Amino acid sequence: MSQTPPARLCEEDILRLAAELTAGAGPADGVAVGVGDDAAVLAVGGARLAVTTDMMVEGVHFDLAYASPRDVGWRVMAANLSDLAAMGATPRWGFLSLGLRPGPTPALVEGLFDGMLELARTHGLRLVGGDTVRAPALTLNLCLIGLCESGPPTLRSTARAGQAVCVSGPLGASAAGLAWLSAGRDPADALAAPAVEAHLRPRPRLALGRALAASGRLGAMMDLSDGLASDLARLCAASGVGARLEAARLPLAGGAAELATLVGADAVDWALRGGEDFELLFTCQQTDVAELARLAAQADPGAAVVKVGALTKGRGVWLLGLDGSRTEVGLQGFDHFRGDGQ
Ligand SMILES: Nc1ncnc2c1ncn2[C@@H]1O[C@H](COP(=O)(O)OP(=O)(O)OP(=O)(O)O)[C@@H](O)[C@H]1O
Ligand SMILES: Cc1ncc(C[n+]2csc(CCOP(=O)(O)O)c2C)c(N)n1
Ligand SMILES: [Mg+2]
């Protein structure tokens with residue numbers, strides 16, 4: 001008798017389960033924000049702590065064939081700091097859990113720490129602990145703690161229909177760099193170098209996150225780690241709204257169109273579904289876009305405020321194509337257990 005194979009969960013299913021099961025325990029003392037946002041927010045003795053954790057695994061998030069240990073350390077720190085940026089928090093303390101294959105060399109371990117600490121120092125974060133084990137693949141997990149002192153933490157669940165949807169910079173550069181490096185192409189190639197840099201050394205938008213939080217003009221905010229299509233769908237689901245993106249407004253990373261042609265990919269696909277851009281995604285009243293752009297330029301000269309669409313009363317994330325077509329694109333970004341994951 002044939003048996004029905006057990007159901008397989010994708011990452012999205014697991015995150016939903018984690019949210020449901022942890023919420024099932026009821027409200028907890030001191031938890032201002034639990035599972036479901038970029039960081040939890042804990043109320044401790046008058047302070048609000050934003051606490052986040054993010055793991056990177058060799059072969060899944062990086063490949064040592066093209067990434068140096070220093071790049072790997074930088075990237076895991078950047079991904080974690082970006083979640084604090086999304087809450088408008090100021091980074092303070094970090095813990096590193098490190099899984100190393102047998103026979104770790106000083107060059108590997110020192111390189112990982114150098115990369116992490118270089119970026120941590122820039123943002124005033126101190127590594128204060130961790131754990132070290134043997135593992136079948138190089139694995140780094142950071143847990144970072146920040147302080148929400150630039151205003152209330154900026155959440156995913158507070159967006160309203162009618163607001164503008166904005167991003168803080170170009171999209172698709174990291175995916176372009178990854179595609180270039182994975183194809184074994186020259187990282188120093190003049191056209192590809194900025195994309196390679198964006199992939200290996202992303203720069204989380206901490207000053208911008210704080211400035212946006214302090215403005216008091218935001219609807220909702222999160223960071224872009226899985227791709228605009230998925231991350232905006234999560235923001236929309238948390239806020240009970242839908243969104244319409246306009247392809248003509250997407251700020252494609254410089255050179256992405258040419259690189260896409262060279263490696264046989266699509267730059268719009270990178271921008272929507274590539275992930276790891278670590279830009280901020282936020283919503284605000286349409287009339288506040290110009291003022292936030294002014295604040296952003298002051299806080300971070302490298303950042304921009306680019307309106308890419310608007311929130312709607314409907315459900316789902318829809319893309320208005322250059323040809324006038326409407327396509328649903330929600331949740332098409334990176335998922336560890338779907339598509340590019342297994
Ligand atoms: N295994 C887990 N147990 C409990 N909560 C989890 C677990 N995995 C994820 N979460 C929570 O689910 C939410 C979404 O997690 P996710 O890792 O996708 O965060 P993100 O900010 O959307 O993405 P990224 O980690 O790429 O920055 C977060 O609030 C996170 O703390
Ligand atoms: C070797 C290699 N293959 C694929 C990717 C792409 N990638 C991996 S995880 C992720 C989303 C964010 O991760 P998470 O959800 O775990 O925070 C993306 C876009 C990569 N960086 N390196
Ligand atoms: Mg995030």
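Because the structure is predicted, anything quoted here is derived from the model rather than measured.

Conventions used here
- Residues numbered from 1 in each chain as written.
- Chains lettered and ligands numbered in written order.
- Predicted model: local features only at pLDDT ≥ 70, side-chain atom pairs only at ≥ 80, totals over all residues.
- Heavy atoms only, no water.
- UniProt positions renumbered as here; feature names shortened; annotations may be inferred.
- Helix = DSSP H or I, 4+ residues; strand = E, 2+ residues; numbered from the N terminus.
- Buried < 20%, exposed > 50% of the residue type's maximum accessible area, 1.4 Å probe, protein only.
- Contact = heavy atoms within 4.5 Å.
- Phe/Tyr/Trp six-rings, centres within 6.5 Å; stacked < 30°, edge-to-face > 60°.
- Lys NZ or Arg CZ within 6 Å of the ring centre and 35° of its normal.
- Domains from an automatic or database assignment.
- Salt bridge = Lys/Arg side-chain N within 4 Å of Asp/Glu carboxyl O.
- Polar contact = N/O pair within 3.5 Å; in protein donor to acceptor, adjacent residues only side chain to side chain.
- Nonpolar A, V, L, I, M, F, W, Y, C, P; charged D, E, K, R; others polar.
- Near = heavy atom within 4 Å.
- Areas by Shrake-Rupley, 256 points an atom, 1.4 Å probe, with all protein chains shown as cover.
- Pairing = 2+ DSSP bridges.
- Axes fitted to C-alpha atoms, helices over the stretch in contact; angles between N-to-C directions.

Trainee: Break down the UniProt feature "binding site: Mg(2+) 2" (unreviewed entry) in the protein chain for me, citing the residues and quoting the values.
Mentor: Mapped onto the present numbering, the UniProt feature "binding site: Mg(2+) 2" (unreviewed entry) falls on D54 and D83. The largest pairwise C-alpha distance within this set of annotated residues, which runs over 30 residues, is 8.9 Å, so the set is compact in three dimensions. Mapped onto the elements, D54 comes out in strand β3 (residues 47-57). Overall, the relative accessible area of 27% leaves D54 in the partly exposed class. Beyond its immediate chain neighbours, meaning those up to four positions away, D54 contacts V76, A79, N80, D83, L140, N141 and L142.

Trainee: Hey, could you go over the packing of aromatic side chains for me, with residue numbers and the actual values?
Mentor: Scanning all chains against the criterion turns up zero aromatic pairs. The positively charged end of R326 is found above the aromatic ring belonging to W318, 4.8 Å away from the centroid.

Trainee: Explain the domain arrangement of the protein chain to me, and be specific about the residues and the numbers.
Mentor: Along its sequence, the protein chain is carved into domain 1 (31-147) and domain 2 (164-328). Placing the centre of domain 1 and that of domain 2 at their C-alpha centroids yields a distance of 22 Å. Tallying the contact residues gives 24 residues for domain 1 and 20 residues for domain 2. In this structure, the connection of domain 1 to domain 2 is made through two salt bridges. A salt bridge links E276 to R75, with the nearest nitrogen and oxygen atoms 3.0 Å apart. Applying the counting criterion to the domain 1 and domain 2 interface returns five residue pairs in polar contact (both at pLDDT 80 or more). Every element with two or more residues in the side of domain 1 that touches domain 2 is listed here: α2 (69-86), β4 (90-100) and α3 (106-122). When residues of the side of domain 1 that touches domain 2 are assigned to their parent elements, the largest contribution, 12 residues, is made by α2. Within the side of domain 1 that touches domain 2, the residues separate by chemical class into 12 nonpolar, five polar and seven charged.

Trainee: Could you give an account of the site of ligand 2, with specific residues and numbers?
Mentor: Looking at ligand 2, there are 16 residues lining it, with V60, H61, G274, E276 and H336 nearest. At 2.8 Å, a side-chain N or O of H61 approaches an oxygen atom of ligand 2. One of the side-chain N or O atoms of D226 is found 3.2 Å from an oxygen atom in ligand 2. Protein coverage of the free-state accessible area of ligand 2, which is 520 Å², stands at 84%. Looking at the shell around ligand 2, its residues break down into five nonpolar, six polar and five charged.

Trainee: Can you break down the pattern of salt bridges residue by residue, with the values?
Mentor: Scanning the model with the defined rule gives 19 salt bridges in all. R156 is paired through a salt bridge with D37; the nearest N and O atoms lie 3.8 Å apart. You can see R156 sitting in the loop between β6 (139-147) and β7 (164-167) and its partner D37 sitting in the loop between β1 (31-33) and β2 (40-44), a full 119 residues away along the chain. Classification of D37 by relative accessible area gives buried; the value is 16%. One salt bridge in this structure joins E197 and R203, with 3.6 Å as the shortest N-O distance. Residue classification places E197 among the partly exposed positions, given a relative accessible area of 39%. Here the salt bridges do not stand alone but share partners, grouping E12, D226, D231 and R234 into one network.

Trainee: Outline the UniProt feature "binding site: substrate" (unreviewed entry) in the protein chain, listing residues and values.
Mentor: The residues that UniProt annotates with the feature "binding site: substrate" (unreviewed entry) are H61, E276 and F334. The greatest C-alpha distance among the residues just named is 11.3 Å, despite their covering 274 residues of sequence, which places them together in space. Mapped onto the elements of the fold, H61 is located in the loop between β3 and α2. Not counting chain neighbours up to four residues away, the residues in contact with H61 comprise M55, M56, R75, E276 and H336. Considering the arrangement of structural elements, one finds E276 in the loop between α9 (267-274) and β10 (280-284). Accessibility expressed as a relative area gives 17% for E276, which makes it buried. Aside from chain neighbours lying at most four places away, what touches E276 is H61, R75, S174, H199, L224, S225 and D226.

Trainee: Residues and numbers for the sheet that holds β4, please.
Mentor: The six strands are arranged β1-β2-β3-β6-β4-β5 in an open sheet whose pairing can be described as mixed. Among the strands making up the open sheet, the edge pair consists of β1 and β5 (126-134). Geometrically, the sheet is characterised by an average inter-axis angle of 20° between neighbouring strands, direction not taken into account. Pairing between β3 and β6: nine bridges, direction antiparallel. Bridge pairing in β6 places T52 opposite L144. On top of the sheet, α3 reaches β4, β5 and β6; it is set at about 165° to β4, its chief contact.

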